[in-house]
Amino acid sequence: MSNAIIKVSNLTKKYGDFEAVKGISFEVMEGEIFGLLGPNGAGKSTTLEIIETLREKTSGEVMVNGFNLDKDPNEIKKIIGVQLQTSGYYPGLNLTELIRLFSGLYNRETDPNELLDKVNLRDKAKAKYKDLSGGQKQRFSIATTLINHPKIIFLDEPTTGLDPQARRSLWELVKNIRDNGTTVIITTHYMDEAEVLCDRVAIIDSGKIIALDSPDKLIDKLVATGFENPKK
Ligand code: ADP
Ligand code: MG
């Protein structure tokens, strides 16, 4: 039996009068890739950022690795890896220099080449971030989430806007990270991505979870209700 490393209970988030997250509950198991799948505006980023300690919740309870978000947010920060906004990258620095900079911020010794190997970017070590392709930028930003050796990484729509080949390469990377023991929570609005990548998926719409299961079981249920697009 695996352990729940994230437990979210009755989470709500209001922006003024508008309730973006309407009392959702779910658990993420240690070592899985867990997907939040839903259309734009469903509440995916809001949910993720609350768990990441970057946004205040309105009500509900969030536990991460046994730490309560309300009491020990700093303990949570120590064990998670979050993709930094790309606007935070200094455009004049190359990838090696950026990794040294971030390692300093985390107070960690990191071998830039070893990290770049993990995301298949060693040959870009001396390239500037701004000169990378879209897929390479995403792979680099995933590399930065690994610097503090997190137990969990959070990826918010990492493949949006990428071409099919870059998406597939990113899926392989995310699976490798999971296979090396890191739990992954990822948002997407692509069912096909959830299907190939995620161990379990919560479908979220208008701030509510409307289904939660393995991709295979979700598709079986859709087909059983008469949905016309069965598994390929
Ligand atoms: P998703 O990531 O699924 O696209 P979000 O969590 O970004 O959804 O947004 C959920 C809803 O909350 C949307 O209707 C969005 O417009 C609204 N929202 C998000 N952030 C804010 C904010 N800072 N202020 C007001 N409304 C917001
Ligand atoms: Mg979003």
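Coordinates for the structure precede this section.
Residues numbered from 1 in each chain as written. Chains lettered and ligands numbered in written order. Predicted model: local features only at pLDDT ≥ 70, side-chain atom pairs only at ≥ 80, totals over all residues. Heavy atoms only, no water.

1. What about the pattern of salt bridges?
- Applying the stated criterion to the full structure yields 13 salt bridges.
- Note that Glu157 and Lys44 form a salt bridge whose closest N and O atoms lie 3.7 Å from each other. In this pair, Glu157 is assigned in the loop between strand 7 (152–156) and helix 6 (164–179) and Lys44 in helix 1 (residues 44–51), connecting sequence segments 113 residues apart.
- Relative accessible area serves as the criterion here: at 17%, Glu157 is assigned to the buried category.
- Between Lys221 and Asp213 there is a salt bridge; the shortest N-O distance is 2.8 Å. (Salt bridge = Lys/Arg side-chain N within 4 Å of Asp/Glu carboxyl O. Helix = DSSP H or I, 4+ residues; strand = E, 2+ residues; numbered from the N terminus. Buried < 20%, exposed > 50% of the residue type's maximum accessible area, 1.4 Å probe, protein only.)

2. With respect to helix 1
- In terms of burial, helix 1 is largely enclosed, as six of its eight residues are buried.
- Along helix 1, the residues that are buried comprise Lys44, Thr46, Thr47, Leu48, Ile50 and Ile51.

3. What to know about the site of ligand 1
- Around ligand 1, the neighbouring residues are Tyr15, Phe18, Ala20, Pro39, Asn40, Gly41, Ala42, Gly43, Lys44, Ser45, Thr46 and Arg55.
- At 3.0 Å, a backbone N or O of Gly43 approaches an oxygen atom of ligand 1.
- Take Lys44: an N or O atom from its main chain is 2.8 Å from an oxygen atom of ligand 1.
- Within the complex, the protein chains bury 60% of what would otherwise be the 560 Å² of accessible surface of ligand 1.
- For the shell around ligand 1, the secondary-structure elements that each account for two or more residues are strand 2 (18–29) and helix 1.
- Counting residues per element, the shell around ligand 1 draws most heavily on helix 1, which supplies three residues.
- Here the shell around ligand 1 is built from residues that sort into five nonpolar, five polar and two charged. (Near = heavy atom within 4 Å. Polar contact = N/O pair within 3.5 Å; in protein donor to acceptor, adjacent residues only side chain to side chain. Areas by Shrake-Rupley, 256 points an atom, 1.4 Å probe, with all protein chains shown as cover. Nonpolar A, V, L, I, M, F, W, Y, C, P; charged D, E, K, R; others polar.)

4. Comments concerning the nonpolar core
- Judged by nonpolar contacts, the single largest core of 35 residues is most densely connected at Leu95, Phe140 and Val184.
- The biggest single contributor to this core is helix 6, with five residues.
- Among all residues touching Phe140, those that are not within four sequence positions of it are Tyr89, Leu95, Leu98, Ile99, Leu116, Leu121, Tyr129 and Leu132.
- Counting 26 residues, the second-largest nonpolar core is a separate cluster that includes Ile5, Ile6, Val28 and Leu48. (Core = buried A, V, L, I, M, F, W, Y, C linked by side-chain atoms within 4.5 Å. Contact = heavy atoms within 4.5 Å.)

5. Digging into unusual backbone geometry
- Residues other than glycine seldom take positive phi values, yet Asn10 does so here, at roughly 50°.
- Relative to the assigned elements, Asn10 resides in strand 1 (residues 4–15).
- In this structure, Asn107 is a non-glycine residue whose phi angle is positive, near 60°.
- In this fold, Asn107 is placed in the loop between helix 3 (95–106) and helix 4 (112–118).
- The exposure class of Asn107 is exposed, given its relative accessible area of 71%.

6. Some points on the packing of aromatic side chains
- In this structure the tally under the stated criterion is two aromatic pairs.
- With 5.3 Å between their ring centres and 5° between their planes, Phe26 and Phe34 make a pair best called stacked. The two residues Phe26 and Phe34 agree in class, both being buried.
- With a centroid separation of 6.1 Å and an interplanar angle of 55°, the aromatic rings of Tyr129 and Phe140 are classed as tilted. With Tyr129 in the loop between helix 4 and helix 5 (134–145) and Phe140 in helix 5, this pair connects stretches of sequence that are eleven residues apart.
- Residue Tyr129 is classed as buried on the basis of its relative accessible area of 8%.
- The cationic tip of Lys137 hangs over the ring face of Tyr129; the distance from NZ or CZ to the ring centre is 5.6 Å.
- A cation over an aromatic ring shows up here: Arg167 above the ring of Tyr190, its NZ or CZ 4.5 Å from the ring centre. (Phe/Tyr/Trp six-rings, centres within 6.5 Å; stacked < 30°, edge-to-face > 60°. Lys NZ or Arg CZ within 6 Å of the ring centre and 35° of its normal.)

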